[in-house]
Amino acid sequence: MSRPAGGRQVPATAARKDERARGPRVTRHPAWSMAIGALSVSGSAVLLDLAHTSPGTASSYRCALALPTLLVLAAAERRRTGAVPRHRYGLALFAGALFAGDMLLWTQAIGEVGAGLSTVLVNVQVVLVPLLAWAVDREPVPRRFLWWLPVLLVGVGLTGGLLEQGGTVGSDPLRGTVHAVLAAVCNSGFLYLLRRGGHEGSVRQVYTAVVASAAVVSLAAGLLWYGFDPAPGWRVLGWLLAVAACSQVVGWLLVAAASPKLASHVGAVLLLLTPVGAVTLGAVVLGERPSPLQLVGCVLILVSAYVTTARGVTSADGQGGRRKPRRAR
C-alpha cells in the first residue's frame, strides 16, 4: 500500500499505474531530459545537410521512418495505461500539421534569407510559447526570465551568425523573412500543443499521432509545393533514417515527455540548446569553424539557460501548471 499526503491509503498497483500514466521515468528529471532532447534534435541540421534532398522529401521521410518504432512504444504504453480518449487526438493531429509547417517553411527560408536570420526568427519561440501559456492558461512569467530575455535573443542572433558577413544573404530576403516568421509561428504552436497534450499522460500515444499527422501533411505539401522524391536512393534514406532516430524518436519524444513537467518559459529556454548543439556538431562532423561571435552567442545562451532555469524548474503540481508565488520571481 502507498500513503499519499492526505493520509488515505491507495493500492500499490494503482499508485504504479498512476506513475506510469504520467510519462516515462526519465521525466523525474525533466530539465535534463529537455536538454538532452534539444541536443538530440540539433543533430538533424547536420544530418539533413548530408542528406541533401528537398524539404518535402526530408520532412515526410523523417517522420515516416520514425513511425514503426513509435508505434511499438505507443502500443506498449497502451497495454500498461489504457487507450487515449479520442478527443485528445484532435489537438495531436493539429500539432502534427504545425510541426510539418515548421519543418517545411524553415527549410525553405534558409535558402531565401540565409541561415543566420532564419535561425534567429524561428527561435522567437522563446518569447511566443510563454506568451501563449500566459494568454491561454494564465501561467505567470517570472521576472527573472524577462530580465534575461534580451541576452537570450542576442545569443541566438550571434549563434546564427546574424552579424557575420553574408549572414543575412539569400535568394529572396523578403519571401524568406515571411517564411521564417510563419515557421516560428508554427513552431511555437506545435511546442505549446505538444506540452499541453502531455498534461494528461499517455505521452507516447499522443506523440505518435503528432508524427503521423506531420508525415501526411509533409507528403501532401511536398507533392504540391516543396518537392517529393518517392525513391531518393539508399544514401539519402540512410541519412534520413538517422534524422528520424535522433530527432523524431529520441529528441522530440523526450521534449514531449519533459515539457509538461516544466514551466513554459523553462522549456522554451532549454530548447535554445538546439542551435548550440548544431554549431558544435557542424564543427565536428562537417569541419565548419564557428566564428568568435558565434562562440560568444553559444556562451550567452548557455549562461542564460542556466540562470533562468536553475531554480524552480518544475511547476508546483508537477504538471507544468501555475507555480508557487514565491517561485514566480
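Trainee: Please clarify how the packing of aromatic side chains should be interpreted in this entry.
Mentor: The description of two aromatic rings rests on the distance between their centres and on the angle between their planes. For the structure on display, the rule yields four aromatic pairs. Ring centres of tyrosine 61 and phenylalanine 228 lie 5.7 Å apart, and the angle between their planes is 10 degrees; this geometry places the pair in the stacked category. Placement of tyrosine 61 in helix α3 (residues 55-64) and of phenylalanine 228 in the loop between α10 (203-226) and α11 (234-258) is noted, with a sequence separation of 167 residues between them. A relative accessible area of 16% means that tyrosine 61 is categorised as buried. The partly exposed category is assigned to phenylalanine 228, whose relative accessible area is 25%. Ring pairs connect the aromatic residues Phe99, Phe190 and Trp252, which therefore count as one cluster. Over the ring of tryptophan 134 we find arginine 138; its NZ or CZ atom is 5.5 Å from the centre of that ring.

Trainee: Any chance you could explain empty space enclosed by the protein here in plain terms?
Mentor: The rolling of a water-molecule-sized probe over the atoms marks out the regions of remaining empty space. One pass over the full model with this rule turns up two cavities of 30 Å³ or more. Lining the largest cavity are 13 residues, and of these Met34, Val129, Leu191, Ser259 and Leu271 lie nearest its centre. Elements represented by at least two residues in the lining of the largest cavity include exactly α7 (125-137), α9 (173-197) and α12 (264-270). When its residues are assigned to classes, the lining of the largest cavity shows eight nonpolar, four polar and one charged. The space that makes up the second largest cavity amounts to roughly 40 Å³.

Trainee: Help me understand the environment of methionine 103, please; the structure alone is not making it clear to me.
Mentor: Position of methionine 103 relative to the elements: it lies in helix α5 (residues 87-113). Spatially, the C-alpha atom of methionine 103 lies 9.6 Å from that of serine 60, the residues being 43 residues apart in sequence. Excluding residues within four positions of it along the chain, methionine 103 makes contact with Ser59, Arg62, Cys63, Ala214, Ser218 and Gln248.

Trainee: Would you explain the nonpolar core in this entry?
Mentor: The nonpolar side chains of a soluble globular protein tend to be buried with one another. With 66 residues, the main nonpolar core has Val126, Phe190, Tyr207 and Trp252 as its most contacted residues. With 10 residues, α10 is the largest single contributor of residues to this core. The residues touching phenylalanine 190, leaving out its near neighbours within four places in the chain, are Ala95, Leu98, Phe99, Val210 and Trp252.

Trainee: Is there a simple way to think about the packing of helix α8 (residues 143-159) against helix α14 (residues 292-309) in this case?
Mentor: Pairs of packed helices are described in terms of their axes, by the angle between the two and the distance that separates them. Between α8 and α14, the shortest axis-to-axis distance is 7 Å and the interhelical angle comes to 155 degrees. Compared by their axis directions, α8 and α14 come out roughly antiparallel. The crossing of α8 and α14 is left-handed. Touching Arg144, Phe145, Trp148, Val151, Leu152, Val154, Gly155, Val156, Leu158 and Thr159 of α8 are Leu293, Gln294, Val296, Gly297, Cys298, Leu300, Ile301, Val303, Ser304, Ala305, Val307 and Thr308, all from α14. Broken down by class, the residue content of the contact of α8 with α14 amounts to 15 nonpolar, six polar and one charged.

Trainee: Just checking my understanding: could you explain the side chain of serine 42 for this structure?
Mentor: Within the secondary structure, serine 42 sits in helix α2 (residues 30-51). Given a relative accessible area of 2%, serine 42 falls into the buried group. Sequence-distant contacts of serine 42, defined by excluding residues within four places in its chain, comprise Thr274, Gly277, Ala278 and Leu281.

Trainee: Help me understand the layout of surface pockets, please; the structure alone is not making it clear to me.
Mentor: Counted as a void, the largest pocket has a volume near 1300 Å³. Listed by contribution, the elements that provide at least two residues to the lining of the largest pocket are α2, α3, α5, α6 (115-122), α9 and α13 (273-285). Split into classes, the residues belonging to the lining of the largest pocket amount to 21 nonpolar, 17 polar and five charged.

Trainee: Just checking my understanding: could you explain the confidence of the model for the protein chain for this structure?
Mentor: Any region with low pLDDT has predicted coordinates that should not be read closely. Confidence in the prediction for the protein chain averages 82 pLDDT; 83% of positions are at 70 or higher. Here helix α1 (residues 12-21) stands out as the element of the protein chain with the lowest mean pLDDT, 46, in contrast to helix α4 (residues 67-81), whose mean of 96 is the highest. A low-confidence stretch, residues 1-24 (pLDDT under 50), is modelled with 29 contacts involving residues beyond four sequence positions or located in other chains. Per-residue pLDDT stays below 50 along residues 312-329; that stretch engages in 43 contacts with residues further than four places along the chain or on separate chains.

Parameters and conventions
Residues numbered from 1 in each chain as written. Predicted model: local features only at pLDDT ≥ 70, side-chain atom pairs only at ≥ 80, totals over all residues. Heavy atoms only, no water. Phe/Tyr/Trp six-rings, centres within 6.5 Å; stacked < 30°, edge-to-face > 60°. Helix = DSSP H or I, 4+ residues; strand = E, 2+ residues; numbered from the N terminus. Buried < 20%, exposed > 50% of the residue type's maximum accessible area, 1.4 Å probe, protein only. Lys NZ or Arg CZ within 6 Å of the ring centre and 35° of its normal. 1 Å grid on protein atoms, 1.4 Å probe; cavity = no way out; pocket = protein on both sides within 12 Å on 5 of 7 lines; lining within 4 Å. Points joined across faces, edges and corners; volume = space filled by probe spheres on them. Nonpolar A, V, L, I, M, F, W, Y, C, P; charged D, E, K, R; others polar. Contact = heavy atoms within 4.5 Å. Core = buried A, V, L, I, M, F, W, Y, C linked by side-chain atoms within 4.5 Å. Axes fitted to C-alpha atoms, helices over the stretch in contact; angles between N-to-C directions. Parallel < 35°, antiparallel > 145°, perpendicular 65-115°, else oblique. Left-handed = near helix turned anticlockwise from the far one by under 90°. pLDDT = per-residue confidence, 0-100.

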